[in-house]
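# Residue-level structural notes
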Amino acid sequence: MTEFYGHSIALAFYLSSNMHDAIEDLYALGGRPDVQALHARFLGWLSLSVRPRRVESL
């Protein structure tokens, strides 16, 4: 997904949306999705260490 290179927040939103769709699809098929496993699969690999720092206003 080269279109998200350098845009980790946009990638996180995109993957979150896909995870939500997967959960809905699994419920629609009569399943009971393992939300923790889906989170690990879709979002668990995103690095938390490269999150932008919050700028404190003076």
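Residues numbered from 1 in each chain as written. Predicted model: local features only at pLDDT ≥ 70, side-chain atom pairs only at ≥ 80, totals over all residues. Heavy atoms only, no water.

### Describing the overall build of the protein chain
Definition in use: The helix count covers DSSP runs of H or I at least four residues long, the strand count covers runs of E at least two residues long, and both are numbered beginning at the N terminus. Partly exposed residues are those whose accessible area sits between 20% and 50% of the maximum for their type, while under 20% is buried and over 50% is exposed, using a 1.4 Å probe and protein chains only. The Shrake-Rupley method, run with a 1.4 Å probe sphere, supplies the accessible areas, and residue values consider only the shown protein chains as cover.
Looking only at helices and strands, the protein chain features 2 helices and 0 strands. By the burial criterion, 19% of the 58 residues in the protein chain qualify as buried. Surface accessibility of the protein chain: about 5,300 Å² in total, with carbon and sulfur atoms responsible for 57%.

### As for the packing of helix α1 (residues 8–28) against helix α2 (residues 35–42)
What counts is decided by this rule: Lines fitted to C-alpha atoms define the axes here, with helix axes fitted over just the stretch in contact, and angles between the N-to-C directions of these axes take values from 0 to 180 degrees. When the near helix sits turned anticlockwise from the far one by under a right angle, the crossing is termed left-handed; a clockwise turn instead gives a right-handed crossing. For this analysis, residues touch if any pair of their heavy atoms sits within 4.5 Å. The nonpolar class holds Ala, Val, Leu, Ile, Met, Phe, Trp, Tyr, Cys and Pro. Asp, Glu, Lys and Arg form the charged class, and all remaining residues, Gly among them, are polar.
At a closest axis distance of 10 Å, the pairing of α1 and α2 adopts a crossing angle of 145 degrees. The way α1 lies across α2 gives a crossing that is right-handed. Within the contact between the two elements, α1 uses L15, N18, M19, A22, I23 and L26 and α2 uses L38, H39 and F42. When its residues are assigned to classes, the contact of α1 with α2 shows 7 nonpolar, 2 polar and no charged.

### Brief notes about the nonpolar core
Heads up, the condition is: The nonpolar core is taken to be a set of buried Ala, Val, Leu, Ile, Met, Phe, Trp, Tyr and Cys residues, with the residues joined through side-chain atoms within 4.5 Å.
The biggest cluster of nonpolar side chains holds 10 residues, and these are F4, L11, L15, M19, A22, I23, L38, F42, L43 and L46. When contributions to this core are tallied by element, the ones reaching two or more residues are α1 and α2. With 5 residues, the top contributor of residues to this core is α1.

### Some words on α1
Given 3.6 residues per helical turn, the α-helix brings residues three or four places apart onto the same face. Stated formally: Helix span is expected to be 1.5 Å times the residue number reduced by one. Directions are taken from the helix axis to each C-beta atom, and the arc is the one they span.
Given a rise of 1.5 Å per residue, 21 residues ought to cover 30 Å, and the 30 Å separating the end C-alpha atoms of α1 matches this to within 8%. Looking only at α1, the buried set comprises L11, L15, M19, A22 and I23. Angular distribution of buried residues about the axis of α1 spans 110 degrees; they occupy a single face of the element. Those residues of α1 that are exposed and aimed more than 90 degrees away from the buried face are F13, Y27 and A28. On its buried face, α1 is in contact with α2. One or two residues past the end of α1 sits G30, with phi positive at roughly 90 degrees.

### Points about the environment of M19
Topologically, M19 is positioned in helix α1. The class of M19 is buried, set by a relative accessible area of 13%. A sequence separation of 16 residues divides M19 from V35, and the C-alpha atoms of the two residues are 9.1 Å apart.

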